[in-house]
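Architecture at a glance
In case you want the letters, here they are:
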Amino acid sequence: MAKMNMLQAINDALDIAMAANDRVLCFGEDVGIFGGVFRATSNLQQKYGKDRCFNTPLVEQGIIGFANGLASQGSFPVAEIQFADYIFPAFDQIVNESAKFRYRSGNLFNVGGLTIRAPYGGGIAGGLYHSQSPEAYFAHTPGLKIVVPRNPHQAKGLLLASINDPNPTLFFEPKRLYRASTGEVPEGEYQLPIGEAEVLKEGSDVTVLGWGAQMEVIDKAVEMAEKEGISCEVIDLRTILPWDVETVAESVLKTGRLVITHEAPLTGGFAGEIAATIQERCFLYLESPIARVTGMDTPFPLVLEKEHFPNHLKVYEAIRESAEF
Amino acid sequence: MTTTKSKTVCTPVFTDGAEFRIPTFKLLKQDGSLYKGGKAPDIDKEKALRIYNAMVTTRVLDERMLGAQRQGRLSFYMQCTGEEASIIGSTAALDDADMIMAQYREQGALAYRGFTIDEFMNQLFGNEKDYGKGRQMPVHYGSKKLNYMTISSPLATQIPQATGYAYGQKMAGDGHCTVVYFGEGAASEGDFHAGLNMAAVHRVPAIFICRNNGYAISTPAVEQFAADGIAPRGFGYKMDTIRVDGNDILAVYQATEAARKLAVEENRPVLIEAMTYRLAAHSSSDDPSGYRSKDEEAVWREKDPILRMQNWLTRKKWWSEAEEKELQERLRREVLETMKQAQKLPPPALETLVTDVYDEVPPLLNAQFEKLKAHIRKYPDEYPKSAAHAEGGA
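Residues numbered from 1 in each chain as written. Chains lettered and ligands numbered in written order. Predicted model: local features only at pLDDT ≥ 70, side-chain atom pairs only at ≥ 80, totals over all residues.

Concerning the overall build of chain B
The condition is simple: Helix and strand labels come from DSSP, where a helix needs a run of H or I of at least four residues and a strand needs a run of E of at least two; each type is numbered from the N terminus. Here the globule rule reads 2.2 Å times residues to the power 0.38, and the radius of gyration is calculated from C-alpha atoms. Every C-beta atom is placed from the backbone, and the number of other C-beta atoms within 10 Å of a residue's own sets its class: buried at 20 or more, exposed at 12 or fewer, partly exposed in between.
Across its full length, chain B carries twelve helices and seven strands. A compact globule built from 394 residues would reach a C-alpha radius of gyration of about 21 Å, and chain B, at 23 Å, matches this within 12%. Counting only C-alpha atoms and orienting by the principal axes, one finds that chain B spans roughly 80 × 60 × 45 Å. Buried positions account for 47% of the 394 residues belonging to chain B.

Here is the structure:
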């Protein structure tokens with residue numbers, strides 16, 4: 001085990017994947033000699049050469065179009081989109097191409113080797129265009145997998161799993177935690193399961209569900225709630241698509257209450273999808289309305305970021321209201 | 001670090017690129033003779049007849065299947081009439097193991113590589129033998145064994161994909177290239193710019209073939225771009241570029257053969273603009289009489305690429321009227337008979353609705369599928385295509 005921050009863990013995962021398989025390539029804007037604006041690809045070009053780790057022109061639709069072609073050829077492209085806010089020029093390539101490649105060809109061709117990495121989320125004074133959490137847009141697209149890690153250990157294991165998964169995978173990295181989150185990370189290759197949520201803490205009164213950077217927010221909120229005697233079960237969803245209904249439903253059948261939190265705006269956010277499914281599965285067991293603690297239905301603000309943000313106080317309030325309903 | 005090497009001027013000098021007029025490469029006249037100074041590429045009789053056979057096959061298939069669409073047997077069809085030389089001439093200059101990423105009008109490439117009438121029909125009718133499992137509209141062919149990427153309706157998405165595919169070929173060092181086809185209308189998409197620029201920057205063995213056929217559905221090229229066609233854009237990417245008479249099988253072949261050499265031997269991507277004309281409608285849903293004249297069409301009918309090749313073959317004494325008659329009749333018969341067979345085959349199994357979304361059916365989707373089967377079992381008469389498949393199950 002070694003102590004790493006999330007960037008080091010991601011870099012380690014990429015290094016291991018590239019060492020293990022010549023056909024793993026890392027590319028995107030500034031990922032070459034510079035190692036990416038966040039340095040997630042540091043030293044990879046030095047180690048594996050310019051053919052396998054390189055800068056691309058500044059064209060997101062091209063980066064993903066190129067990656068789709070490369071994956072369909074049998075390679076394992078790991079394409080970086082510098083900020084998730086800039087993934088939208090590639091929306092067509094992801095939604096109409098990556099996601100449908102296997103289905104439309106009757107499995108003659110696929111882009112299963114494709115992994116798209118993108119830093120997402122707020123909390124870094126990034127304003128409208130360096131803060132967004134776009135997972136729900138992509139969650140509406142069958143054929144994609146969407147993975148979000150919460151800490152360095154998870155980031156390494158889930159990224160290696162994403163690269164090896166035989167389906168195109170979006171890997172959203174909580175950039176607020178890139179350096180802020182540190183922890184013990186096993187050395188060498190290991191993979192964590194995609195499509196499985198993880199129960200981080202068992203409890204009996206309220207299930208609190210989130211992913212990525214919100215897990216730290218949840219930890220703080222739960223600490224406050226438990227001081228008041230509310231027993232919380234904490235779940236990290238980890239994979240947004242296809243999501244683990246069973247683990248969440250099983251928990252809510254036990255607790256009868258569910259609080260879901262994400263940074264993205266409320267309307268059309270993935271919490272709505274979870275709430276709809278869980279009320280179907282757990283209707284007669286629910287003790288209170290399923291609560292959603294999310295960003296507001298505004299563009300991501302700058303100066304008033306703290307007000308907009310679904311922080312631990314808001315999550316705590318939702319837990320308390322749910323328990324007292 | 002800039003790539004610009006520019007001299008200094010002290011008055012404001014603008015340029016619109018007019019000094020770079022791009023010529024059109026031609027070899028074959030309509031009567032089958034060569035232009036003065038032109039030399040036919042090295043094509044032997046066997047290869048020439050393979051090319052010609054593919055052209056006629058495509059034409060006959062197009063005529064018959066449009067007819068079938070008009071009779072209501074088929075939901076949709078797209079012809080490539082008038083563009084056979086652009087497509088088949090270029091495909092014939094490749095190695096059969098080179099990857100082809102087409103737009104949707106390139107059935108001639110498949111015909112050349114040996115896609116059978118049977119295989120065309122199975123896709124067109126979306127029956128249980130369709131490789132695409134009946135999921136896509138007619139003409140969205142694909143063939144793994146013939147290195148022909150399955151067609152995707154969104155335009156130009158295949159262009160940056162071709163760049164990526166070619167990059168993989170370069171990394172593998174297998175000596176193959178990727179050829180990507182698109183129309184002059186699709187070249188307005190951002191993916192065109194993305195794909196060509198990245199190909200030039202990353203030096204990939206890719207050949208970009210623009211079929212400039214004059215129309216994007218109803219929009220004429222003159223309303224698509226102000227420049228002198230698509231070819232001048234190649235300069236902007238520092239890409240080897242050539243414009244060729246797209247109805248001239250020999251010129252298309254030779255241009256592509258030379259392009260392939262640049263691509264494979266020097267990792268220099270090439271842009272080919274094939275000047276041609278979409279003689280038929282955009283698709284079975286389109287009616288060109290609303291936007292162009294019969295006179296205009298007649299001018300281009302005189303330039304028919306198949307007749308032009310036939311004239312060349314006849315001059316070389318490689319082809320006769322009797323052989324032409326025999327080929328036409330055989331193909332018509334084969335198309336009709338195969339169509340009847342393909343129409344009779346059952347549709348793909350119900351489970352193909354949910355397979356191949358992922359490598360495995362995820363639990364949530366499986367639950368939806370079980371629910372659907374229960375529903376179909378309740379209303380079997382309403383779902384005649386799948387009632388039999390819904391038996392058993394959950």
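There is more to say, and it comes next.
Points about the UniProt feature "domain: Dehydrogenase E1 component" (unreviewed entry) in chain B
Put simply, the rule is: UniProt positions are given in the numbering used here, feature names are shortened, and annotations may be inferred rather than shown by experiment.
Under the feature "domain: Dehydrogenase E1 component" (unreviewed entry), the UniProt entry names residues 53–349 of chain B. Counted over residues 53–349 of chain B, helix gives 46% and strand 11%. Its end C-alpha atoms are 35 Å apart.

Observations regarding the pairing of strand S13 (residues 258–265) of chain A
Residues and elements named next belong to chain A. Spelled out, the test is: Criterion used throughout: strands pair if DSSP finds at least two bridges between them. With the strands aimed away from the viewer, a crossover counts as right-handed if its path from the first strand over the helix to the second runs clockwise.
Counting buried positions over the eight residues of S13 gives seven, a clear majority of the element. The pairing of strand S10 (residues 206–210) with S13 spans three bridges and is parallel. Bridging from a neighbouring strand, Val-208 pairs with Val-259 of S13. Regarding the hand of the β-α-β motif, the stretch spanning S13, helix H10 (residues 270–282) and strand S14 (residues 291–295) is right-handed.

With respect to the sheet that holds strand S9 (residues 198–201) of chain A
Residues and elements named next belong to chain A. Test applied: For helices, the fitted line uses only the C-alpha atoms of the stretch in contact; every axis is such a line through C-alpha atoms, and the angle between N-to-C directions lies from 0 to 180 degrees. Working definition of a contact: two residues with C-beta atoms, positioned from the backbone, lying within 7 Å.
Reading across from one edge, S9-S11-S10-S13-S14 is the order of the five strands in this open sheet, with mixed pairing throughout. Where the open sheet ends on each side, the last strands, each with one partner, are S9 and S14. Averaged over all neighbouring strand pairs, the angle between strand axes comes to 25 degrees, with direction disregarded. Set on the sheet, helix H12 (residues 312–324) makes contact with S10, strand S11 (232–236), S13 and S14; between it and S14 the angle comes to about 170 degrees.

Notes on the packing of helix H1 (residues 45–70) of chain B against helix H11 (residues 321–344) of chain B
Residue and element names in this part refer to chain B. Note the threshold: With respect to orientation, any angle under 35 degrees is reported as roughly parallel, any angle over 145 as roughly antiparallel, any angle of 65 to 115 as roughly perpendicular, and every other angle as oblique. Definitions for this section: a left-handed crossing has its near helix turned counterclockwise from the far helix by less than a right angle. A right-handed crossing has that turn clockwise. Three classes are used: nonpolar for Ala, Val, Leu, Ile, Met, Phe, Trp, Tyr, Cys and Pro, charged for Asp, Glu, Lys and Arg, and polar for all others, with Gly counted as polar.
One can describe the packing of H1 onto H11 by two numbers: an axis separation of 10 Å at closest approach and a directional angle of 45 degrees. The angle between H1 and H11 places the two elements in the oblique class. With respect to the hand of their crossing, H1 and H11 are arranged in right-handed fashion. Contacts from Val-56, Thr-57, Val-60, Leu-61, Arg-64 and Ala-68 in H1 reach Leu-327, Gln-328, Leu-331, Arg-332, Val-335, Leu-336 and Met-339 in H11. Across the contact of H1 with H11, the residue classes break down as nine nonpolar, two polar and two charged.

Focus: the environment of Glu-321 of chain B
Residue and element names in this part refer to chain B. The residue Glu-321 is located in helix H11 in this model. A tally of 9 C-beta atoms within 10 Å means that Glu-321 is categorised as exposed. Glu-321 sits eleven residues away from Gln-310 along the chain, and the two C-alpha atoms are 9.7 Å apart.

Let's talk about the UniProt feature "domain: Transketolase-like pyrimidine-binding" (unreviewed entry) in chain A
The sites that UniProt annotates as "domain: Transketolase-like pyrimidine-binding" (unreviewed entry) are residues 4–180 of chain A. Within the segment residues 4–180 of chain A, helix and strand shares are 35% and 17% respectively, and the terminal C-alpha atoms sit 10 Å apart.

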